[in-house]
Amino acid sequence: MRLKVTHRTEYRYDAPKRHVIQSLRLWPTEFEGQRVVSWSLAVEGATAERGAAFRDGAGDWVETVSLRNVSDVAIVVEGEVETTDLNGVVRGLREKVPPVAYMRATRVTRLTEGLRDLATEAVSGCGSDLDRAHAISRSVARAVVYTPGATEAETTAGEALELGRGVCQDQAHATIALARAAGMPGRYVVGYLHSTSDGEVHQASHAWAEIWVAGLGWVGFDAANGCCPDERYIRLGSGLDAHAAAPIRGHSLGAGTEAMDVDVRVVESEGQSQSQGPQGQAQRQQ
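On a predicted model such as this, the values are computed, not experimentally measured, just so you know.

### Re the packing of aromatic side chains
- Applying the stated criterion across every chain yields a total of four aromatic pairs.
- Residues Trp39 and Tyr192 carry aromatic rings whose centres are separated by 6.5 Å and whose planes lie at 40° to one another, so their mutual orientation is tilted. Of this pair, Trp39 sits in strand 2 (residues 34-44) while Tyr192 sits in strand 7 (residues 186-193), and the two are 153 residues apart along the sequence. Each member of the pair, Trp39 as well as Tyr192, is classed as buried.

Here it is in C-alpha cells:
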C-alpha cells in the first residue's frame, strides 16, 4: 500500500519564548516493512537552526532544531511511504540496543499487583512466546477498553487497568508491562495508521506495542484494533514508553504558556484523507 502523510504541529505562545529546543523523531523507520518514496520536514513561522542528526541505538532517525524569540511556529511533515504487510514482524531494522534493555520499567509501565495477575492469567496454558504475546494483547484489549478521553497523558498502566478504560497509549503501556511480567521485553511504538470507513477503531496518529518473540524478533501488537500492524501502518519510532518515543520532545526558555494543535492526515495515494483534529499534547496518543 502507498500512503501519503501530512502531519502539522502548531505551537502558540502568549509571550515570545527566548529559546526553544526540540528533538524530532518524525522520519519513518527503515526496515523491510516500509519504503520511503518521499519525505520532508519544514519549520514555518520561525527561523530554525538544524542541529544534531543521528540514528539512535533503536534504529530511529532523530534530529534537533533550535528556535529563538518564538511566538508562533509550525512543524510540518509531508511524505509518501510504500508499506508491506509483514504480520507485525519488524524485520531488517538496524538497531544496536539489545532486547534485554527493554525489560526496564518506567513510571507509567511499572508493574502493579493487578498487572501481574492479568499477565499470569493471560499466558496460562500458552505454549510458544508468540502465543503468549498474542494472549497478552487480547487480554489488554478486554481489560482496558478503548475509550477516548477516559485517561490523561500521565496515566499509568496500572491506573488504566484499575479504571478499565483508556486509549491506545494506555493499552500499549499495559501490553509492555504484561510482556515484561511474562519475561518478554516490550517497547512503545509511535506512527501513523490509515483510517478506513469500516467502523473499527482507528486514529491517524497512533501508538502500539512491540514484544520480543524468540525466533522472530520484535513483533507489533495493536490492542486498540485487535491486530498486528499491517500495510495500513507507518512506523516512526520506539522507546520505553510514550514519553521516550514521542515524535516531538522539547524544552523552552521564557515566561508564558504554550498552546498546541496537531493535525494528522493519512490517505492512500488514490483515496480520501482521514484527519485527526487538534490535540493537547504531542506525546498523547489517542
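### Focus on the environment of Leu86
- Tracing the sequence through the fold places Leu86 in the loop between strand 4 (61-83) and helix 1 (113-123).
- Its relative accessible area of 13% is what places Leu86 among the buried residues.
- In this structure, the C-alpha to C-alpha distance between Leu86 and Gly51, residues 35 residues apart in sequence, is 34 Å.

### Section: helix 2 (residues 129-143)
- The terminal C-alpha atoms of helix 2 lie 21 Å apart, and with 15 residues this matches the ideal 21 Å at 1.5 Å per residue to within 8%.
- Within helix 2, burial applies to Arg132, Ala133, Ala135, Ile136, Ser137, Ser139 and Val140.
- On its buried face, helix 2 sits against helix 1, helix 4 (168-181), strand 8 (205-213) and strand 9 (217-221).

### Thoughts on the packing of helix 1 against helix 2
- At a closest axis distance of 8 Å, the pairing of helix 1 and helix 2 adopts a crossing angle of 125°. Comparing their axes, helix 2 and helix 1 come out oblique. In this structure, helix 1 meets helix 2 at a crossing whose hand is right-handed. Mapping the contact onto sequence places Leu118, Ala122 and Val123 in helix 1 and Arg132, Ala135, Ile136, Ser139 and Ala143 in helix 2.

How each quantity is defined
- Residues numbered from 1 in each chain as written.
- Predicted model: local features only at pLDDT ≥ 70, side-chain atom pairs only at ≥ 80, totals over all residues.
- Heavy atoms only, no water.
- Phe/Tyr/Trp six-rings, centres within 6.5 Å; stacked < 30°, edge-to-face > 60°.
- Helix = DSSP H or I, 4+ residues; strand = E, 2+ residues; numbered from the N terminus.
- Buried < 20%, exposed > 50% of the residue type's maximum accessible area, 1.4 Å probe, protein only.
- Expected span 1.5 Å × (residues − 1).
- Contact = heavy atoms within 4.5 Å.
- Axes fitted to C-alpha atoms, helices over the stretch in contact; angles between N-to-C directions.
- Parallel < 35°, antiparallel > 145°, perpendicular 65-115°, else oblique.
- Left-handed = near helix turned anticlockwise from the far one by under 90°.

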